[in-house]
Amino acid sequence: MANVFDTLQERGFIKQTTHDGLKEMLGKDKVKFYVGFDATADSLHVGHFVQLMAMAHMQRAGHVPIVLIGGGTTMIGDPSGKSDMRKMMTREIVAHNADCFRQQISKFLDFSDDKALMVDNADWLLDLNYVEFLREIGACFSVNRMLTADCYKQRLEKGLTFFEFNYMLMQAYDFLVLNRKYGCTLEMGGDDQWSNILAGADLIRRKEQKEAYGLTITLLLKSDGKKMGKTESGAVWLDPEKTSPYDFYQYWRNVADADVKTCLSLLTFLPMDEVERLSALRDHEINDAKKILAFEITKQVHGEAAAVQAQTAAEALFGSGGAGGSIPTTQLAAAELAEHPQLLDIMIAAGLTKSRGEGRRLITQGGVLLNGEKVTDEFMEVTQADFADDGAMIKKGKKVFHKIVLK
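Please read these numbers as outputs of a predicted model, since none were measured by experiment.

Rules of the game
Residues numbered from 1 in each chain as written. Predicted model: local features only at pLDDT ≥ 70, side-chain atom pairs only at ≥ 80, totals over all residues. Heavy atoms only, no water. Helix = DSSP H or I, 4+ residues; strand = E, 2+ residues; numbered from the N terminus. Rg over C-alpha atoms; globule rule 2.2 N^0.38 Å. Buried < 20%, exposed > 50% of the residue type's maximum accessible area, 1.4 Å probe, protein only. Contact = heavy atoms within 4.5 Å. Core = buried A, V, L, I, M, F, W, Y, C linked by side-chain atoms within 4.5 Å. Salt bridge = Lys/Arg side-chain N within 4 Å of Asp/Glu carboxyl O. Arc of directions from axis to C-beta. Pairing = 2+ DSSP bridges. Axes fitted to C-alpha atoms, helices over the stretch in contact; angles between N-to-C directions. Polar contact = N/O pair within 3.5 Å; in protein donor to acceptor, adjacent residues only side chain to side chain. Left-handed = near helix turned anticlockwise from the far one by under 90°. 1 Å grid on protein atoms, 1.4 Å probe; cavity = no way out; pocket = protein on both sides within 12 Å on 5 of 7 lines; lining within 4 Å. Points joined across faces, edges and corners; volume = space filled by probe spheres on them. Nonpolar A, V, L, I, M, F, W, Y, C, P; charged D, E, K, R; others polar. Expected span 1.5 Å × (residues − 1).

Trainee: How do you make sense of the overall build of the chain when you look at a structure like this?
Mentor: The helix and strand inventory of the chain stands at 19 helices and 13 strands. The C-alpha atoms of the chain give a radius of gyration of 24 Å, which matches the 22 Å a tight globule of 407 residues would have. Overall, the C-alpha framework of the chain stretches about 70 × 50 × 35 Å when taken along its three principal axes. Classification of the 407 residues of the chain by burial places 50% in the buried group. In the chain, 74% of the contacts between residues at least 6 apart in sequence involve partners at least 24 apart.

Pasting the structure below:
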């Protein structure tokens, strides 16, 4: 049986590891590992989904995931990757968000028969005796060393509060508690968590004289280096009330050609030989790979019925002629697009609005979508990249659809 370390590496999950002993351990022992999720919103997003997929691969290989809900650490907020201090939330909001996380995560991992555990660090962090905590944990940390960590260095110029400075200690303490209580020996997390993960592993070695390991998971990035999962209207959420299954499907259907392999590798369970075959497709055929990608991810997040429904709706709207040929279509020459690239001009040409003023009002009121994404810029320019092989779809209001095809 293949070592799950090799599986994660082949699919592109692994960014950094603490040392070589981790691969050997994963090959011979049943490992309890954890990933933490701070409850900063009432839904997980696609960035979290990468970590859930890594956990699922680990579980399928026989290891035991511990999902740590950050009901305690969310009260402080992780400064990693943030230019400003997070807005402080009440206990009630954090508790509500944590409940939402529990419901969502239970869909992706098998919690039956102790195959996975879910715990909340609010249980041991919120009632800590601060002086005792400083004596036991704070004494193990060098301020000089902490200030060299990336999560703190980038904040020093703008200002780093002592409040946030405690976060690394809290996360390290989480690892120690899980090690003592459940025998957890591995922490996994996004690559922006590297400094915090190292701190936890080091704390266990100091306090327990045991080996502890860390592994960071690659962040979900586009080929241009920007974070994936962001749209004009905000994040791509896993909650169907925040991002509908149709919009979720369309997001993956419209990823750039260069991002298809990354998404298939990280976000589906398709065998890697199939991933290689699909991502090698070019020109018109790459759209077949995107349809499979969109269906597979939507099925995992929202279930097969919702995936079929989203796929059917997309085919009806974007397929040849739409449902029964009922969707109006306007042909646009590439030269016309180059000369008048603003969406407003295209809407006028398609008869969707009588004037630029009317079109601007529609956009500012949130009444215009392009390829399933809400348009917020009144002067948005459309490029050839917005046209799939079967055209670009403009939606006006709740029911008016119009397809624009380049000729």
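Trainee: Explain the nonpolar core to me, please; I cannot follow it from the model alone.
Mentor: It is characteristic of soluble globular proteins that their nonpolar side chains tend to be buried jointly. In terms of nonpolar packing, the biggest core is built from 64 residues, with Leu186 and Trp252 touching the most fellow members. Residue contributions to this core peak at nine residues, all from helix H3 (residues 46–60). Once you skip the residues sitting within four places of it in the chain, tryptophan 252 turns out to touch Val46, Leu220, Met228, Cys263, Leu267, Lys290, Leu293, Ala294 and Ile297. Ranked by size, the runner-up nonpolar core spans 33 residues in total, among them Val119, Phe141, Met168 and Leu169.

Trainee: I tried to follow the pattern of salt bridges on my own but got confused; where do I start?
Mentor: If you walk through the whole model with that rule in mind, you get 16 salt bridges. Among the salt bridges present, the one from aspartate 120 reaches arginine 102, with a minimum N-O distance of 2.8 Å. Taken together, the positions of aspartate 120 in strand E4 (residues 117–120) and arginine 102 in helix H4 (residues 91–105) put the pair 18 residues apart, joining distant regions of the chain. Aspartate 120 sits in the buried class, given a relative accessible area of 11%. Salt bridges sharing common partners tie together Asp99, Arg102 and Asp120.

Trainee: Can you walk me through unusual backbone geometry in this structure?
Mentor: The general pattern is negative phi for most residues beyond glycine and trans for most peptide bonds. A positive phi angle is found at aspartate 114, which is not glycine, with a value near 60 degrees. Note on placement: aspartate 114 falls in the loop between H4 and E4. Aspartate 114 sits in the exposed class, given a relative accessible area of 60%. Of note in the backbone geometry, aspartate 283 takes a positive phi value of approximately 55 degrees without being a glycine. Position of aspartate 283 relative to the elements: it lies in the loop between helix H14 (272–279) and helix H15 (286–302).

Trainee: Please explain helix H19 (residues 356–364) as it appears in this structure.
Mentor: Three or four residues apart is the spacing at which side chains of an α-helix point the same way, because the helix has 3.6 residues per turn. Considered for burial, the residues of H19 that qualify are Gly359, Leu362 and Ile363. All buried residues of H19 lie within an arc of 95 degrees about the axis, which places them on one face of the element. Buried residues belonging to H19 abut helix H18 (343–349), strand E10 (368–370) and strand E12 (392–396). Glycine 366 lies just past H19 and shows a positive phi near 75 degrees.

Trainee: Got a minute to help me understand the sheet that holds strand E3 (residues 64–69) in this structure?
Mentor: The strands that make up a sheet are held in pairs by hydrogen bonds between backbone atoms, and each pair lies either parallel or antiparallel. The mixed open sheet is built from six strands, whose spatial order is E1-E6-E5-E2-E3-E4. Two strands in the sheet have a free side with no partner beyond their single neighbour: strand E1 (14–17) and E4. Averaged over neighbouring strand pairs, the angle between their axes works out to 25 degrees when direction is ignored. Bridge analysis of E1 against strand E6 (residues 213–217) gives three bridges, and the strand direction is antiparallel. Bridged to threonine 17 within E6 is leucine 215.

Trainee: Hey, could you run me through the environment of threonine 268 in this one?
Mentor: By secondary structure assignment, the location of threonine 268 is in the loop between helix H13 (260–267) and H14. Residues threonine 268 and phenylalanine 295 lie 27 residues apart in sequence; the distance between their C-alpha atoms is 9.8 Å. At 3.3 Å, the side chain of threonine 268 forms a polar contact with the backbone nitrogen of leucine 270.

Trainee: Please clarify how the sheet that holds strand E9 (residues 329–332) should be interpreted in this entry.
Mentor: If you trace the five strands from one edge of the open sheet to the other, you get E9-E13-E12-E10-E11, paired in mixed fashion. Taken across any chain shown, the strands that pair with only one partner, and hence form the sheet edges, are E9 and strand E11 (373–374). Bridge analysis of E10 against E12 gives three bridges, and the strand direction is antiparallel. Paired with leucine 370 across the two strands is isoleucine 394, which belongs to E12.

Trainee: Help me understand the packing of helix H12 (residues 245–253) against H15, please; the structure alone is not making it clear to me.
Mentor: A pair of packed helices can be characterised by two numbers: the angle between their axes and the separation between those axes. Here H12 crosses H15 at 145 degrees, and the two axes come no closer than 8 Å. H12 and H15 meet at a crossing whose hand is right-handed. Contacts between H12 and H15 pair Pro245, Phe248, Tyr249, Trp252 and Arg253 from the former with Asn287, Lys290, Lys291, Leu293, Ala294, Phe295, Ile297, Thr298, Val301 and His302 from the latter.

Trainee: Please clarify how the environment of threonine 40 should be interpreted in this entry.
Mentor: Tracing the backbone shows threonine 40 in the loop between strand E2 (32–37) and H3. Threonine 40 gets classed as partly exposed once you look at its relative accessible area, which sits at 35%. Along the primary structure threonine 40 and glycine 70 are separated by 30 residues, whereas in three dimensions their C-alpha atoms are 8.9 Å apart.

Trainee: Is there a simple way to think about empty space enclosed by the protein in this case?
Mentor: Empty space among the atoms becomes apparent when a probe as large as a water molecule is rolled across them. Tallied over the entire structure, the rule returns two cavities of 30 Å³ or more. Forming the boundary of the second largest cavity are Leu343, Ile346, Leu370, Val382, Phe387, Ala392, Ile394 and Ile404. Listing elements by their share of the lining of the second largest cavity, those giving two or more residues are H18 and E12. Residues belonging to the lining of the second largest cavity are distributed by class as follows: eight nonpolar, no polar and no charged.

Trainee: Quick question: what am I supposed to make of H4 here?
Mentor: Relative to the 21 Å expected for 15 residues at 1.5 Å per residue, H4 spans 21 Å between its end C-alpha atoms, a close match to the ideal helical length. All of the buried residues in H4 are Val94, Asn97, Ala98, Cys100, Phe101, Gln104 and Ile105. End-on, the buried residues of H4 take up no more than an arc of 160 degrees, which puts them together on one face. For H4, exposure combined with an orientation more than 90 degrees from the buried face picks out Glu92 and Gln103.

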